[in-house]
Amino acid sequence: MKHLLSIEHLAKEDIEHILKRAGTLKKERGNHSKLPLRDQTWAMIFSKSSTRTRVSFEVGVHELGGKLLFLNANDIQLGRGEPIKDTARVLGRMVHGAIIRTYAQSDYSQIPTINALTDWEHPCQILTDIFTFQEKRGPIHGKKVAFFGDGACNVPISWIFASAKLDFELAISAPPDFQPSIELIQRSKGNITVTENPDEAAANSDLLYTDVWVSMGKEKEAVERLEKLKGFQINSGTKALAAPDALVMHCLPAYRDKEIAESFFEEHADTIFDQAENRLHVQKAILEWIVCR
Ligand code: CP
Ligand code: NVA
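Residues numbered from 1 in each chain as written. Chains lettered and ligands numbered in written order. Predicted model: local features only at pLDDT ≥ 70, side-chain atom pairs only at ≥ 80, totals over all residues. Heavy atoms only, no water.

Q: Give me the lowdown on the packing of aromatic side chains, citing residues and values where you can.
A: Taken as a whole, this structure holds five aromatic pairs when the rule is applied. A centroid spacing of 6.0 Å and a plane angle of 25° characterise the contact between F147 and Y209, whose relative ring orientation is stacked. You can see F147 sitting in strand β5 (residues 144–148) and its partner Y209 sitting in strand β8 (residues 207–210), a full 62 residues away along the chain. As far as the burial class goes, F147 and Y209 line up, both buried. With a centroid separation of 5.4 Å and an interplanar angle of 75°, the aromatic rings of W159 and Y209 are classed as edge-to-face. Placement of W159 in helix α5 (residues 154–166) and of Y209 in strand β8 is noted, with a sequence separation of 50 residues between them. Following the ring pairs from residue to residue traces out a cluster consisting of F147, W159, F168 and Y209. Over the aromatic face of Y103 sits the side chain of K48, whose NZ or CZ is 4.5 Å from the ring centroid. Cation over ring: R54 sits above F70, and NZ or CZ is 3.5 Å from the ring centre. (Phe/Tyr/Trp six-rings, centres within 6.5 Å; stacked < 30°, edge-to-face > 60°. Helix = DSSP H or I, 4+ residues; strand = E, 2+ residues; numbered from the N terminus. Buried < 20%, exposed > 50% of the residue type's maximum accessible area, 1.4 Å probe, protein only. Lys NZ or Arg CZ within 6 Å of the ring centre and 35° of its normal.)

Here's what the structure looks like:
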């Protein structure tokens, strides 16, 4: 049984397969010769808010011939304390797979499971970001990706594991309290630098990337986070240090004039919304990979 729970545990050849198939599925949208989810029902169990992930999976499962049940975790017995493992056992008797958005990396091993964001990783997002980069600039191999902001949350952690797998440089610029641990960096075996100096990270980079400063579940820390992270905004000054054709991406939702300057966001909106659209194509490739390979 296959799962997609993290970039850390996804083999390089599987990443390459998913990225390649995403390109084909994007071209063939509306005209798929095979419907790999035909007669399948998948469940999506979300404990956190979502726009992109929810809509792209709902549309994607439908376009691959399947049906999707959206279950807000608070509306099912999980929200009243039924153990995850029992929920998974029940789902395993009825549905073909689960797409989960939650806090801890949960154990749904009874059924094929896709991590649609946990506190630890956001693998569907980073696969999409790499797909989008490669669609516009060719292989990411040997390039430099610069991440700015909360360097210890799910999005940069997935970037960290992707760096070694696809052999690109990753520079993370974050204040000390928001840097990934040395143990994590070493475990990834990637070519990764962590710095408090945003200019150092930006220098000659091929991709400038940021994420929200207050991730879901961290709302109580908002005031402290906004204060500590305010020097890590990406804007035209950051771009001036990057490679001339550097791309700018944001996983969204974006908080203007916090992690990204408003005018800078709008200047790069075409790339950012291509990135959002590509969630659909990449996740269709993930679903197909889970059921077909
Ligand atoms: N980027 C992302 O995962 O967006 P949503 O939270 O809207 O799903
Ligand atoms: N780090 C963010 C990602 C949102 C897509 C969060 O967890 O809220």
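Okay, back to it.
Q: Tell me about the side chain of T128, residues and numbers included.
A: Mapped onto the elements of the fold, T128 is located in helix α4 (residues 123–137). Apart from the residues within four sequence positions on either side, T128 is in contact with Q275, N278, R279 and V282. (Contact = heavy atoms within 4.5 Å.)

Q: Can you lay out the site of ligand 2 for me, pointing to particular residues and giving the numbers?
A: All residues adjacent to ligand 2 are L117, H122, C153, N154, D211, V212, S215, M216 and L252. Take N154: an N or O atom from its side chain is 2.8 Å from a nitrogen atom of ligand 2. Contact with the protein chains hides 94% of the accessible area of ligand 2, taken as 270 Å² for the molecule alone. Across the shell around ligand 2, the residue classes tally to five nonpolar, three polar and one charged. (Near = heavy atom within 4 Å. Polar contact = N/O pair within 3.5 Å; in protein donor to acceptor, adjacent residues only side chain to side chain. Areas by Shrake-Rupley, 256 points an atom, 1.4 Å probe, with all protein chains shown as cover. Nonpolar A, V, L, I, M, F, W, Y, C, P; charged D, E, K, R; others polar.)

Q: Break down the pattern of salt bridges for me, citing the residues and quoting the values.
A: A full pass over the atoms with the stated rule returns 19 salt bridges. Residue K26 pairs with E135 through a salt bridge whose shortest N-O separation is 2.7 Å. Residue K26 is located in helix α1 (residues 12–27), and its partner E135 is located in helix α4; the two are separated by 109 residues in the primary sequence. Judged by its relative accessible area of 38%, E135 falls in the partly exposed class. Here E183 makes a salt bridge to R187, at a shortest N to O gap of 3.4 Å. Taken together, the residues span about one helical turn, with E183 and R187 both in helix α6 (residues 182–188) at a distance of four residues. What you see here is one network of salt bridges that share partners, running through E8, E183 and R187. (Salt bridge = Lys/Arg side-chain N within 4 Å of Asp/Glu carboxyl O.)

Q: A description of the sheet that holds strand β6 (residues 169–173) should follow, citing residues and the corresponding values.
A: One open sheet holds the five strands; their spatial order is β7-β6-β5-β8-β9, and the pairing between them is parallel. What marks the edges here is a single partner per strand, and that holds for β7 (191–195) and β9 (247–250). The average angle at which neighbouring strand axes cross in this sheet is 20°, direction not considered. Pairing analysis gives five bridges linking β6 to β7, with the strands arranged parallel. Residue pairing for β7: A171 is matched across the bridge by T193. Strand contacts of α4: β8 and β9, with the helix running at about 160° to β9, the strand carrying the most contacts. (Pairing = 2+ DSSP bridges. Axes fitted to C-alpha atoms, helices over the stretch in contact; angles between N-to-C directions.)

Q: Before we move on, could you go through the environment of L229 and cite the residues and values that matter?
A: You can see L229 is positioned in helix α8 (residues 222–229). With relative accessibility at 0%, the residue L229 sits in the buried group. With 193 residues separating them along the chain, L229 and P36 place their C-alpha atoms 44 Å apart. Leaving out residues up to four positions away in the same chain, L229 has contacts with G149, D150, P175, F178 and W213.

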